[in-house]
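Close look at the chain arrangement
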Amino acid sequence: MSPRRVRTGTKSASPPESSLDLRALQRTPGFMLRLAQLKFFEGFYEEFAALGLTPATYAIFAIIRDNPGVPPSNLASLLRLRLPNLIKILNELESSGFIRRNRSKSDRRAIELMLTPKGTKLIEEGARLTDSYNRKMLAPLTEAEQRTLLELLNRMLPL
């Protein structure tokens with residue numbers, strides 16, 4: 001299968017993007033993964049805007065939901081965020097009533113993250129949108145190709 005020319009980015013100076021030869025970049029996994037990430041993030045912002053969720057906050061809510069008591073340092077490491085940047089987000093989520101921080105019972109120095117009922121409700125609403133969003137974004141692929149894509153990504157990016 002030969003690479004196709006793809007349109008990227010926004011409209012700008014000439015030559016038009018549709019006339020650019022991008023075949024070399026289309027054979028570059030990093031470039032294509034970055035374009036895929038941008039496409040998914042743009043779609044995410046549209047689909048989840050009414051809930052006020054971003055890709056980062058959705059991931060934070062999902063991880064805390066599935067791992068109650070997760071320490072902020074583990075969350076930062078998993079999401080590849082600098083801890084001070086994550087702390088800013090957590091401060092906003094806590095002041096908005098979505099999460100709470102508890103002292104660990106086993107290590108009083110450690111902090112554990114928990115969802116509040118308000119946070120649980122928000123991630124449940126977000127989760128309801130996820131399946132239709134993923135179907136829409138992956139529509140160009142067959143179901144078998146979608147499964148293969150996820151298997152390959154999980155193999156490349158073991159968590």
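Each remark here, short or long, concerns the structure printed above.
Below or above, wherever it landed, is the structure these notes cover. Given the structure is predicted, the values throughout are model-derived calculations rather than measurements. (Residues numbered from 1 in each chain as written. Predicted model: local features only at pLDDT ≥ 70, side-chain atom pairs only at ≥ 80, totals over all residues. Heavy atoms only, no water.)

1. Considerations on helix H3 (residues 55-66)
End to end, H3 covers 16 Å across 12 residues, agreeing with the expected 16 Å (1.5 Å per residue, within 8%). When H3 is considered as a whole, its buried residues turn out to be Pro55, Thr57, Tyr58, Ile60, Phe61, Ala62, Ile63 and Ile64. (Helix = DSSP H or I, 4+ residues; strand = E, 2+ residues; numbered from the N terminus. Expected span 1.5 Å × (residues − 1). Buried < 20%, exposed > 50% of the residue type's maximum accessible area, 1.4 Å probe, protein only.)

2. Structural notes on the pattern of salt bridges
All chains considered together, the criterion is met by six salt bridges. Across the pair Glu94 and Arg101 runs a salt bridge, and its minimum N-O distance is 3.2 Å. Classification of Glu94 as partly exposed rests on a relative accessible area of 31%. When the shortest N-O distance is used, the salt bridge between Lys121 and Glu125 registers 3.6 Å. Of the two residues, Lys121 and Glu125 are both situated in helix H6 (residues 117-137); the distance of four residues between them amounts to about one turn of the helix. Residue Lys121 is classed as exposed on the basis of its relative accessible area of 51%. (Salt bridge = Lys/Arg side-chain N within 4 Å of Asp/Glu carboxyl O.)

3. Thoughts on a nonpolar patch on the surface
The grouping of Leu33, Met156 and Leu157 at the surface amounts to a nonpolar patch, some 300 Å² of accessible area in total. Inspection of the secondary structure puts Leu33 in helix H2 (residues 29-48). (Patch = residues over 30% accessible without salt bridge, like charges linked within 9 Å, V, L, I, M, F, W, Y side chains within 5 Å. Areas by Shrake-Rupley, 256 points an atom, 1.4 Å probe, with all protein chains shown as cover.)

4. A look at unusual backbone geometry
Here the phi dihedral of Arg80 falls at roughly 60°; this positive angle occurs in a residue that is not glycine. Along the polypeptide, Arg80 turns up in the loop between helix H4 (72-79) and helix H5 (83-95).

5. Comments concerning the packing of H4 against H5
Interaxial distance between H4 and H5 falls to 9 Å at its minimum, and their mutual angle equals 115°. When the axes of H4 and H5 are compared, the pair comes out roughly perpendicular. As H4 packs across H5, the resulting crossing turns out to be right-handed. Here H4 contributes Pro72, Ser73, Leu75 and Ala76 to the contact with H5, which in turn contributes Leu83, Leu86, Ile87 and Leu90. Grouping the constituent residues of the contact of H4 with H5 by class yields seven nonpolar, one polar and no charged. (Axes fitted to C-alpha atoms, helices over the stretch in contact; angles between N-to-C directions. Parallel < 35°, antiparallel > 145°, perpendicular 65-115°, else oblique. Left-handed = near helix turned anticlockwise from the far one by under 90°. Contact = heavy atoms within 4.5 Å. Nonpolar A, V, L, I, M, F, W, Y, C, P; charged D, E, K, R; others polar.)

6. Points about the side chain of Ser104
Within the fold, Ser104 resides in the loop between strand E1 (99-103) and strand E2 (111-115). There is a polar contact of 3.1 Å between the side chain of Ser104 and the side chain of Ser106. Of the polar contacts made by the side chain of Ser104, one reaches the backbone nitrogen of Asp107; its length is 3.1 Å. For Ser104, the contacting residues outside a window of four places in its chain are Ala110 and Glu112. (Polar contact = N/O pair within 3.5 Å; in protein donor to acceptor, adjacent residues only side chain to side chain.)

7. Description of the nonpolar core
Residues Phe61, Ile64, Leu75 and Ile99 are the most contacted members of the largest nonpolar core, which totals 23 residues. Mapped onto this core, the elements with two or more residues apiece are H2, H3, H4, H5, E2 and H6. Look past the residues within four positions of Phe61 in its chain and what remains in contact with it is Leu53, Leu93, Phe98, Ile99, Leu115, Gly119, Leu122 and Ile123. (Core = buried A, V, L, I, M, F, W, Y, C linked by side-chain atoms within 4.5 Å.)

8. Points about the packing of aromatic side chains
Tallied over the entire structure, the rule returns seven aromatic pairs. When the centroid spacing of 4.0 Å and the interplanar angle of 10° are considered together, the rings of Phe44 and Phe48 count as stacked. Taken as a pair, Phe44 and Phe48 lie in helix H2 at a separation of four residues, close to a single helical turn. Classification of Phe48 as buried rests on a relative accessible area of 1%. Taken together, a centroid distance of 5.6 Å and an interplanar angle of 80° make the contact between Phe48 and Tyr133 edge-to-face. In this pair, Phe48 is assigned in helix H2 and Tyr133 in helix H6, connecting sequence segments 85 residues apart. The class for Tyr133 is buried, based on a relative accessible area of 5%. Each residue in the set Phe40, Phe44, Phe48, Tyr58 and Tyr133 is aromatic and connected to the rest through ring pairs, giving one cluster. (Phe/Tyr/Trp six-rings, centres within 6.5 Å; stacked < 30°, edge-to-face > 60°.)

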